[in-house]
Structure formats: structure tokens, C-alpha cells
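# Structural overview
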Amino acid sequence: MTLIKSISGIRGTIGGKPGDNLTPIDAVKFAAAYGIWLKEYSKKDKLKVVIGRDARISGEMIQNIVVSTLIGLGIDVIDLDLSTTPTVEIAVPLEEADGGIILTASHNPKQWNALKLLNEKGEFLDASQGAKILAIAEKEDFNFSEVDDLGEITRNDSYIDIHIDEVLELDLIDADTIRAAKFKVVVDGVNSTGGIAIPKLLKELGVEVVELYCDPTGHFPHNPEPLKEHLGDICALVLEEKADFGIVVDPDVDRLAFISNDGEMFGEEYTLVACADYVLGKTKGNTVSNLSSSRALRDITQKHGGTYEAAAVGEVNVVTKMKANNAVIGGEGNGGIIYPESHYGRDSLVGTALFLMLMAEKGGTVAELRASYPSYFMSKKKIELTPGLDVDAILVAMADTYKNEEISTIDGVKIDFAENWVHLRKSNTEPIIRIYTEAKSQSEADALADKIIGEIKKIAGL
């Protein structure tokens, strides 16, 4: 059982003792801290906050607690109920709200939930803002409103439809082009809100949809992180249905993965590569991803005459770098597509529409498209942290070991070799060190990861 407080929000397992887990008391504290901070930040007398949640089992309970807490602070709430992370992000500016909270633990298993916090633009808070909220929560210096000043709830369950309309209105999306391609697609919505949003979008685009785990019960039928080892069912169903491809999203629909027509993974890292290939072919410009993302995006960007830059891991860091670099598309290698023409947030609906346009215009199969891109292979491993382990000292020691290579320390330690790279960092959401490697073959990537893990264990005395 765990409670993780970070600048990006609070995340934990349901049940147990306050302070150790995400209990109702912790939800109240953190929602109140956000509300108090928002009052100071906005300097407005009357505030409005948008709330939405994924379908996980604890969602309704946490939602009721958070909504009631904000109302107790005199803040009005627009309650979207079942929604997606990108849907809440677009709703905040459309509603002219002062902020937003998404109740989701993203790719974590069903026992987890979290509060993700947004500003008035529908974008994630920066590090200093997150730190202020943590400090307010720690002090518990809350001042709730009197009875005549309580906030009000407005319920609006139409925002997934509004979100779909926004996607269809993007300049680079032509519904008739997609309809003419007559695609057949299998969708795995992991029994969360992607099972509502993605099939709706596809049907609007004239796509024949085969639904798998699209009932938003919150009972995830497999580990909800969209990795190959969890996706045997959809891979088999794509072949069985002779579908053009498969679509997998995580519970809050900000990560997008494709299954090729041959039942193989398209590759989470290549979701952004493909979407960027389409956008850069229409719009000259630059791209950004994070330090743990594939070199393939750099290669595709340079092919189109743009420049590529890497940001520290974390959506807010990628967005900041995208704005500074005038990036026309960016995101994260975990299947997160950020397309500024829509909004500055990872959005699987936007990514799906861009990918459909690419396939409709290029023709051929998804497997052929994947084979056309630079071929890199990644290994994503981790080491569980034990109490008393000095992670920062380990990372410093690893940077010193490889000081003659190209090193970045803006987020953990990334070591760029001529033919491959390794990125070591503390997770913001789990008590682990992540070890990401990339090379020209899977065996090389795995071997590099195992070598680095061995060196870390030696340094740590494990």
C-alpha cells in the first residue's frame, strides 16, 4: 500500500491508513489544498473547476469527496462524471474555468487512484505550483466557506461528444478521406472510458469497430498499461477479425498504442513517430519528446527538415519545451500524442484521428508502414527501491563511470552512446528506478539494460 505525493498530484492505493494510502481523508486534504492554492493563484472572488474521472472502481467515491470539498471552499464545480484526461483538459478553457482535476491513476492497476491537477489553460501545473499545493496540504491550513457561500455543482455529460467534434474540426483531419478508406479496427478500452470515447470517434469517421473490453466497469481485464505482454487478446482478435489494425488505450485515454494488421505490436514508441510523420508532411516545423523516447522521432523530424529536442520526462516538461521550440507536434514515447492545434495535452483521440489520416492517404498496411520507419528496439526495466537506498548517489556514480560519453542530467542520467543509449531515473509515480535502453536490435537493448542493472547493483551493494 502506497501514497505518493509529487508535484504532479497525489497518487495512491485505496484503503488503509491516512498518510500511507489514498484514503478519503487524504483526498479531502489534497483537494482542499488545490482549492486554497487556486484562490491565491487566480485572485478571483468566484472560482469554477472542471472535474472528470476514468471508470476505475473507486472513481465515484473519490469524485464525490473531491467535488464536496471544493463546494465546501465556495468553488463551483462542472462535473463531467465519466470522462478522459484529454476531455477534461479541453473542457477547462471551453468552460472558462479556473482549473480542473482528473481523477485517474492512468496506467496503474485498479487498486490505485489519483488526483491530476490542471491550471486555467487545461494544462498540468508546473513544479513550483505543485510544490505550493503540497505545502498547503502539509500545513492543513484550510478555511472553508460559510453556508451561504458554498459552491454549486453543474453536471455536464456531453463533453466526450464535444471533444470528438473538436477533433473532427481540426484542419488536418478530413472525415471523408477516412470514411473512403473503409477501415475495420479492433478497440481495447480496458473497461474504462476509452471504451466510450474511441469507438464513438471511430464510428463518426465511418470506421467499422470491433469492441473488446469497452464496458466502463472499472474491472480491468488485464494490466492496464498498454504493453505487449498485456495485450494477447487484442492481438489475436485483430487477426481473427482480419482487421486493418487495433487500438489500445490506458484507463484515462492519454496513452495510445496500435496493433498492426499482422497481430504484432506497432510499437508504443512509434505512435508518436507515425503521427509526427503525418503532421510534418503537412506542416513544416519542429518536434519534442522526452529523454526516454526513441531516436526514431529525431530521424523522422530531420527527414522532414525540422529540428528535434528532448525534454525531461513528464508532460509539463515536454509542453514547456514544445512551446519554447515552436513544436508542431510532440509527446512521449509511451504513446502520448500532444498536438498544439488541439491543445497542449496527451490525447489518444487526436492521435487516433491523425493515424487514420496517415493510413488513409498512404495506403498499404500498418505492418508495411511500421517497416518503413527507422528500426530501433527498446528495453524498459526497473529496480525496486529499498529503504535507505541513496538513489541520487547511485546516479552520480553512474554518470561518473560514463563521463567520457554524451551525458544529460536534466532528468536522472541519460548516457548517449554512438549506436545506443540508456536513461536512468527515479519514477515520479512508483518507488522504483527505471532503466530504459534503446539499440538497433532487441538483444542489444536487453543486454545493455542488464549490464547497467548489474553495475547499479554493484554500486548499491545489492
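What this report covers is the structure whose coordinates are included nearby. Here the structure is a predicted model, which is why all the values come from computation and not from measurement. (Residues numbered from 1 in each chain as written. Predicted model: local features only at pLDDT ≥ 70, side-chain atom pairs only at ≥ 80, totals over all residues. Heavy atoms only, no water.)

## Quick notes on helix α1 (residues 24-42)
Going by this rule: Counting from the N terminus, the helices are the DSSP runs of H or I reaching at least four residues and the strands are the DSSP runs of E reaching at least two. For a helix, the expected span equals 1.5 Å multiplied by the number of residues minus one. The classification of residues rests on relative accessible area computed with a 1.4 Å probe and restricted to protein chains. Under 20% of the type maximum is buried, over 50% is exposed, and intermediate values are partly exposed.
End to end, α1 covers 27 Å across 19 residues, agreeing with the expected 27 Å (1.5 Å per residue, within 8%). Of all the positions in α1, only Asp26, Ala27, Lys29, Phe30, Ala31, Ala32, Ala33, Tyr34, Gly35, Ile36, Trp37 and Leu38 are classed as buried. Among the residues trailing α1, Lys43 stands out with phi positive, at a value near 55 degrees.

## Observations regarding the environment of Tyr213
This is how the line gets drawn: Contacts are residue-level and defined by heavy atoms, with any inter-residue pair within 4.5 Å sufficient.
Assignment of secondary structure puts Tyr213 in the loop between β9 (208-212) and α8 (232-240). In this structure Tyr213 comes out as partly exposed when scored by relative accessible area, which is 26%. Those residues in contact with Tyr213, other than ones at most four positions away along the chain, are Asp188, Gly189, Val190, Asn191, Pro221, His222 and Asp233.

## Observations regarding the state of the cysteines
What counts, and what does not: What counts as a disulfide here is a pair of cysteine sulfur atoms lying within 2.5 Å.
Under the defined criterion, the tally for this structure stands at zero disulfides. No disulfide involves Cys214; its nearest neighbouring cysteine sulfur is the one of Cys235, lying 15 Å away. Using a relative accessible area of 11% as the deciding quantity, one classes Cys214 as buried.

## Brief notes about the nonpolar core
How we decide: Residues belong to one nonpolar core when they are buried, are Ala, Val, Leu, Ile, Met, Phe, Trp, Tyr or Cys, and are joined through side-chain atoms within 4.5 Å.
Within the largest apolar cluster, 55 residues are counted, with the highest numbers of intra-cluster contacts made by Ile247, Ile329, Leu354 and Phe355. With residues up to four places along the chain from it excluded, the contact list for Leu354 reads Ile173, Cys275, Tyr278, Val279, Ile329, Ile337 and Tyr339.

## What about a negative patch on the surface?
Basically, it comes down to this: Residues enter a patch when their relative accessible area is above 30% and they make no salt bridge; the linking distance is 9 Å between like charges and 5 Å between nonpolar side chains (Val, Leu, Ile, Met, Phe, Trp, Tyr). For the area figures, the Shrake-Rupley method with a 1.4 Å probe applies, and any residue is considered shielded solely by the protein chains shown. Each salt bridge in this description consists of a side-chain nitrogen of Lys or Arg and a carboxyl oxygen of Asp or Glu lying within 4 Å of one another. The charged-residue count follows a simple rule in which Lys and Arg add positive charge and Asp and Glu add negative charge, with His and chain termini not counted at all. Lys charges are placed at NZ, Arg charges at CZ, Asp charges at CG and Glu charges at CD.
Together, Asp165, Glu166, Glu169 and Glu204 make up a negatively charged patch on the protein surface. If you trace the backbone, Glu204 turns up in helix α7 (residues 194-204). Assessed through its relative accessible area of 40%, Glu204 is described here as partly exposed.

## Some points on the sheet that holds β9
This is how the line gets drawn: By the convention used here, strands pair only if DSSP detects at least 2 bridges between them. Every axis in this analysis is a line fitted to C-alpha atoms, fitted for helices over the stretch in contact. Angles between the N-to-C directions lie between 0 and 180 degrees.
Pairing is mixed in the open sheet, where four strands are placed in the order β9-β8-β10-β11. Looking at the sheet topology across the chains shown, the edges are occupied by β9 and β11 (256-259). Direction aside, the axes of adjacent strands within the sheet are offset by 25 degrees on average. The sheet contact formed by strand β10 (residues 245-249) and β11 spans four bridges and is antiparallel. Across the sheet, Gly246 pairs through a bridge with Ile259, a residue of β11. Running at roughly 35 degrees to β11, helix α12 (residues 348-362) makes contact with β10 and β11 of the sheet.

## Examining the sheet that holds strand β20 (residues 432-439)
Strand order in the open sheet formed by five strands is β16-β20-β19-β18-β17, and the pairing between neighbours is antiparallel. In the strand order of this sheet, the two ends are held by β16 (377-384) and β17 (406-408), each with one partner. Averaged over all neighbouring strand pairs, the angle between strand axes comes to 15 degrees, with direction disregarded. Sheet contacts for helix α14 (residues 391-401): β17, β18 (413-416), β19 (421-426) and β20; angle to β19, the most-contacted strand, approximately 160 degrees. Across the sheet, helix α15 (residues 442-460) is in contact with β16, β19 and β20; its angle to β16 comes to roughly 25 degrees.

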